[in-house]
Structure formats: structure tokens, C-alpha cells
Amino acid sequence: MTTFESLGLTEPVLKALNAEGYTVPTPIQAKAVPHVLAGRDLFGCAQTGTGKTAAFALPLIERMMANPRERENRRCRVLVLAPTRELAGQIHESFRVYGRHAHLKSAVIYGGVGQRPQEVAMSKGVDVLVATPGRLLDLVQQKFVDLRTVEFLVLDEADRMLDMGFIHDVRRIVGMLPRERQTLFFSATLPSEVRQLADSMLRNPLEVKTTPQSTPAETVAQAVFFLPQRQKRHLLVHLLSNEGMARVIVFTRTKHGADKLQRDLDKAGIRAAAIHGNKSQNARERALAAFKSQHPPVLIATDIAARGIDVDNVSHVVNFELPHEPETYVHRIGRTGRAGMTGKAVSLCDHEERPRLQAIERLLRKSIPVRNDLPELPHVEPGSEPRESHRGGARSGQGRGPQGGPPRGRGGRTSGRRSPGGQQPRQGSQPSRRPRSEATQAEGRPAAAATAPAPASRLPKKHRRAL
Ligand code: AMP
């Protein structure tokens, strides 16, 4: 059996892993660590949840220990580029945890917060710098950071960098680095632009692929409810109250939708915290800390904010709305069922979202089981609850069952599987179209000065779960 020791890791790192309770390397760690230790470039096709952070952090810590070097003002040895503040923060934390006996100094740089503490952190130099591209460039231009001595570059979630429009910044940063360096490149998906970027940065890399592209963890049990958009919040309250959802992330498509849902849950006495691009860094950190605590609030998140959230023990993912891009569904449900645990993903699908569900099922190459146990929900008049996530306003009651219940059955190739009632839904309703990148644009690059949020976590009211 492969052990961390057999991969070539030494005592200070092994001690830290032991303290974290890691006993067996994940497949990407087993494949990547020996080669990175040997100095080879790496091209990793891996999603979050596969242990990829340790796959690059552990051997880089070793490489630095094996070849100690004086720190120089404003400089670093390892540069990790990550697309979001959350991911950057988590990678930084991982280096801190894995390197706690290695006497390394690290810093993290991202936008949306004051830059002064970041200037101070870099003034005497660090071993490891984790950064988002925009703020890093700002600090380089102001001469608070000097990248000329970088020995190791990690580019994490390259596909997301591309989605978020950071690729130009990334290229500029790479152009400032010494050519003589070791580069580790990670991406969950491999669009051709990502391939090109990798080709331009890597030298004879080892290619490591983990879970086949876009295949969600097998440990996640998936299900879908059919019901009108306007009834979803009632079903959500029911599920949160009755399904033992210990640590749950609810995904909404828009920031506005996340805030509204937080208010709705609050009214129902369910403690919830929302994270999205309009929240200040402090509010996001508070929400994440609460979510990691023993009594987590329900975390309501947009896709970009949730990207890279590294929390173990997420018991459930709820798709309050289905994403436009099927790959996003795979990322979402990958938040649960991590590190060998089981997890559940429940999707709430209204009539207009069915083409999206079909696209997801095509990508997964399997059907998502339909849950037929929709409870009695309060009647909500069509149109009384304006649809916020679709342009064109509410569509009333197409194909729904009694009490405003779910649309019945489903058309197309999945028509064999029915929700109660068994009628076919009405045909001809198309989802509103929007550009592929809209979700990205909606979240966009973090604003330099984020607006002050509502308190991220609320005290419980009368919710019956022990929150
Ligand atoms: P990542 O894919 O880097 O986001 O890691 C996913 C999660 O798995 C993180 O919470 C890590 O703490 C955890 N993890 C990484 N490697 C191992 C391991 N070998 N054994 C147990 N947990 C791990």
C-alpha cells in the first residue's frame, strides 16, 4: 500500500499529516508527489475534493526544506495563483498546516480588502506567496512584491481563471517570472484555451488525471424534485427541517437570489448565511467560519463564491436553481461526498429548468432519480412571487399538479420516469437564454471596496434542528 512515507516525504511533513489525520495518500497525491519532488513540471486535471492542494503543497514544502534559502525583502520562492479569495485563503491555510514544522513563512494576497497588511506581510519576504492575479499585479506594479526569484509556480483552477477573465493577468505575471522554474498547473476541465496556456508554461510535464472529467464523486446520492419556482422556498424549509441536513450548502444562481433566500429562511426561523461577490471579505470569512463550526448555519452561495470552499463533512448540497452550465452542477455537488464520505445532492427543478436538467443528465450519462415524495406545500398564487432568476417574469403553473405541486413527469428521453400524477408536461416552454458567461459576469472580479453586508450568521429563532 502506498504511504506518505513511501512517496518520499520526510518527518516534519509526515508529522503534520499525522496531526491532520491523513493516513493514505489520495490518488493524485500518490501520482504527483514523487515527480514534483524530483523537480518535474506537472499538468494535473483534477477537481477540488481530490486532495490536489496537498499534492502540490507537500512536495514543494519538501523542496524548500531540502534547499534552504535566505528570505529576501518583497520576494518569495513559491508563487501560487488562484482565481478566488476563498481558494487563495484555503491554499494559504493548507501550506500553514502542512508546513507547520518546516519553519516556512507564507503570505496571501487578494483584492477586496486593504492592501496595507499585504504590503507589510511581503516587506521582509516570504517562502510561499498565494495570490489572486489582479491584486498581485497591483502590488507588483507598486513595487511591494518582486517576482524575480520565484522558483516554483503553481497555477490552480486554470479553467476558472479563464472563466473569470484573469487569463491576461496570469500571462503577464508568468512573463515576470524566471524561466528557470518548476511549474505545476491544475485545471478541473480542459477547454482548448487552458491546453494552450499549459503548453506555453510547462516543460515536459507529467500529466496526471484524477476522476474523469465532469464525473461527480460516486459517493454523492443525487435526486431531483419537480415543482414551480415560487414554491421552492417552502420545499427548502421542509427539507431543511426534516431531512437531517447537518451541514448544507444551498446554491442560487444570483447574488440577489442568495440574499432573498437568506431572508426567507430567516423568516422561517432557519439560521442561514449567504456568501457571494458583493459580501465584504470579513462577512465571507465570518460565514465560512460559522459554516465550519459545530453548529453551522445553512450556507447559501453563488457558484463563484462557493468555488474552492474547502469544508469537509458537507452532508447535503441543494440546487435551489439549476445552473445553466452542466459542468457547474458537477462542481456544486462535488462539495459533498468528499474525502471518502457520503453526501447527498438535491435539486429543485421547475418547468423552465428542465432543458438544463436534461443537459446535466447528458453530461453525467445517467438519469437523476426523481423524488416523488413532495410534501403538501402552502399554496402560492402564480405571479405573487416574481421570478428573479429568469428574465421574463413568472410563468404560471405549467404542468403542475394539485396544490401547486410539481410538474408531472417529464418529456423527451426520460419520459419513462414520472413524478406523481404521471402526465406529460406541456411542451414548448424554453428557458430564457443568456450568454454562457453571465454568471461569471454577475460575480465578476471582486470589487476593491465591497459594500458592508448584513450580518453573515444569524442567531437561531425557533428552528427545530439543533443549529
Ligand atoms: P482538495 O482537493 O485539495 O481541496 O482537498 C480536499 C479535502 O481532502 C481537503 O479538506 C483536505 O483536507 C482533504 N485531504 C486531502 N488529502 C487527504 C488525505 N490524504 N487524507 C484525508 N484527507 C485528505
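Residues numbered from 1 in each chain as written. Predicted model: local features only at pLDDT ≥ 70, side-chain atom pairs only at ≥ 80, totals over all residues. Heavy atoms only, no water.

Enquirer: Just give me the short version of the environment of Ala-221, but keep the residues and values in it.
Expert: Summarising the element assignment, Ala-221 is placed in strand E8 (residues 220-226). With relative accessibility at 43%, the residue Ala-221 sits in the partly exposed group. On a C-alpha basis, the gap between Ala-221 and Ile-333 in space is 9.4 Å, while along the polypeptide they are 112 residues apart. (Helix = DSSP H or I, 4+ residues; strand = E, 2+ residues; numbered from the N terminus. Buried < 20%, exposed > 50% of the residue type's maximum accessible area, 1.4 Å probe, protein only.)

Enquirer: Outline the nonpolar core, supporting the account with residue identities and numerical values.
Expert: With 39 residues, the main nonpolar core has Phe-56 and Phe-95 as its most contacted residues. Top element by residues in this core is helix H3 (residues 52-66). It accounts for eight residues. Apart from residues no more than four positions distant in its own chain, Phe-56 is found in contact with Val-80, Ile-91, Phe-95, Val-154, Asp-156, Leu-184 and Phe-186. With 36 residues, the next largest nonpolar core counts Met-161, Val-170, Leu-177 and Ala-198 among its residues. (Core = buried A, V, L, I, M, F, W, Y, C linked by side-chain atoms within 4.5 Å. Contact = heavy atoms within 4.5 Å.)

Enquirer: If you had to explain the sheet that holds strand E11 (residues 298-301) to someone new, which residues and values would you point to?
Expert: Strand order in the open sheet made by the six strands is E8-E13-E12-E9-E11-E10, with parallel pairing throughout. Both edges of this open sheet fall to E8 and strand E10 (272-275), since each of them pairs with a single strand only. Strand-to-strand, the axes of this sheet are offset by a mean angle of 20°, without reference to chain direction. Note: E10 against E11, four bridges, orientation parallel. Each bridged residue has a counterpart across the sheet, and for Ala-274 the counterpart in E11 is Ile-300. Across the sheet, helix H11 (residues 255-267) lies against strand E9 (248-251), E10 and E11, angled at about 175° from E10, the strand it touches most. (Pairing = 2+ DSSP bridges. Axes fitted to C-alpha atoms, helices over the stretch in contact; angles between N-to-C directions.)

Enquirer: Which residues make up the packing of helix H6 (residues 133-141) against helix H8 (residues 167-175), and what values do they have?
Expert: In the contact formed by H6 and H8, the axes pass within 9 Å of each other and the chain directions differ by 40°. Classified by the angle between their axes, H6 and H8 sit oblique to one another. As for how H6 packs across H8, the hand of that crossing is left-handed. From H6, Pro-133, Gly-134, Leu-136, Leu-137 and Gln-141 reach across to H8, where they touch Asp-169, Val-170, Arg-172 and Ile-173. (Parallel < 35°, antiparallel > 145°, perpendicular 65-115°, else oblique. Left-handed = near helix turned anticlockwise from the far one by under 90°.)

Enquirer: Got a sec to walk through helix H12 (residues 281-292)? Specific residues and values, please.
Expert: Over its twelve residues, H12 runs 16 Å from end to end, which matches the ideal 16 Å to within 8%, given 1.5 Å per residue. Residues of H12 that are buried: Gln-281, Ala-283, Arg-284, Ala-287, Leu-288, Ala-290 and Phe-291. (Expected span 1.5 Å × (residues − 1).)

Enquirer: Any details on the site of the ligand? Residues and values, ideally.
Expert: Taken together, 15 residues surround the ligand, and among them Tyr-22, Gly-49, Gly-51, Thr-53 and Asp-312 come closest. Between the ligand and the protein, one listed contact pairs a nitrogen atom with a side-chain N or O atom of Gln-29 at 2.8 Å. Here an oxygen atom of the ligand sits 2.6 Å away from a polar atom, N or O, in the side chain of Thr-53. For the ligand, whose accessible area on its own is 500 Å², the fraction buried by protein is 87%. Of the residues assigned to the shell around the ligand, the class counts are four nonpolar, seven polar and four charged. (Near = heavy atom within 4 Å. Polar contact = N/O pair within 3.5 Å; in protein donor to acceptor, adjacent residues only side chain to side chain. Areas by Shrake-Rupley, 256 points an atom, 1.4 Å probe, with all protein chains shown as cover. Nonpolar A, V, L, I, M, F, W, Y, C, P; charged D, E, K, R; others polar.)

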